[in-house]
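Architecture and fold: a report
Residue-level listing of the chains:
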Amino acid sequence: MPTTTLTSALEKVTAANPFEVQAIHQRVIQQLQEEGKATGLPVGAKAKDFELPDSLGNQINLADELAKGPVVLTFYRGGWCPYCNRQLRAYQEILPEIQALGAQLIAVSPQLPDYTLSDQEKAELSFKVLSDPKGIVATKYNVLYEVPDYLKSMYLSHSIDLHEYNGTDHWLLPVTGTFMIDEYSFIRSTYVNPDFTKRMEPEDILWELRKL
């Protein structure tokens, strides 16, 4: 098990950011909160089926995966995001326990398959990592938003080009979103947060899975 919480690890990432970066992050988080967009599907809703390519180009269908048992579905921004990297590594650590509970973990980002493969190899991830470059699935789960120009400018100044990573002209990202979906395709619990510096704790995932 992890020796520290994911939250404390993410707080260290934030503390390491320059003040101006933290200020821009807070601005976009506040904007998302005020607009009330990208709030995710509610508990009790039927999960939206989808088919997306994994890092090797294999098509993965959610309904097929749910036929094997519950699914923890999490949306992340990309391997360029240090918060996402910490999150994925923390979730990898609890993967054996997720599987012992009869469930599996699926992560979705807007990156192209080549970049998701890079994420998997760098973090030694053994769960499915899928590509949603047009944000179609993120839209279905109501977690997608358009990157404002001021955030886009900041990312480009730090050599983060979402056009390169995602292969589209539209700069779109998902908010933090993790959904527990039972084998009957119903969403049993959710964690959706416009504050992308925060993620669902691994222990909370296991707690919610034990309740299924």
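As shown above, the structure is provided for reference.
Summarised in this report is the structure supplied together with it. (Residues numbered from 1 in each chain as written. Predicted model: local features only at pLDDT ≥ 70, side-chain atom pairs only at ≥ 80, totals over all residues. Heavy atoms only, no water.)

Let us look at the side chain of D119. Its location among the elements puts D119 in helix α6 (residues 113–123). Buried charge D119 goes without a salt bridge, the closest partner of opposite sign being K122 at 6.0 Å. Of note is the side chain of D119, whose polar atom sits 2.9 Å from the side chain of Y76. Ignoring anything within four residues of it in the chain, the contact list for D119 reads Y76, G78, G79, Q111 and L125. (Helix = DSSP H or I, 4+ residues; strand = E, 2+ residues; numbered from the N terminus. Buried < 20%, exposed > 50% of the residue type's maximum accessible area, 1.4 Å probe, protein only. Lys, Arg positive; Asp, Glu negative; His and termini not counted. Salt bridge = Lys/Arg side-chain N within 4 Å of Asp/Glu carboxyl O. Polar contact = N/O pair within 3.5 Å; in protein donor to acceptor, adjacent residues only side chain to side chain. Contact = heavy atoms within 4.5 Å.)

Glancing now at the pattern of salt bridges. Summed over all chains, the structure comprises five salt bridges. With a closest N to O distance of 3.1 Å, K68 and E65 form a salt bridge. Assessed through its relative accessible area of 5%, E65 is described here as buried. Here D195 and K198 are joined by a salt bridge, their closest N and O atoms 2.9 Å apart. One network of salt bridges, in which partners are shared, links E65, K68 and K128.

This paragraph deals with the sheet that holds strand β3 (residues 71–75). Pairing in this open sheet of five strands is mixed, and the strands run β5-β4-β3-β8-β9 from one edge to the other. Of all the strands in the sheet, the pair left with one neighbour each is β5 (128–131) and β9 (187–193). On average, adjacent strands in this sheet sit at an angle of 15 degrees to one another, irrespective of strand direction. Pairing geometry for strand β4 (residues 104–109) and β5, over four bridges, is parallel. (Pairing = 2+ DSSP bridges. Axes fitted to C-alpha atoms, helices over the stretch in contact; angles between N-to-C directions.)

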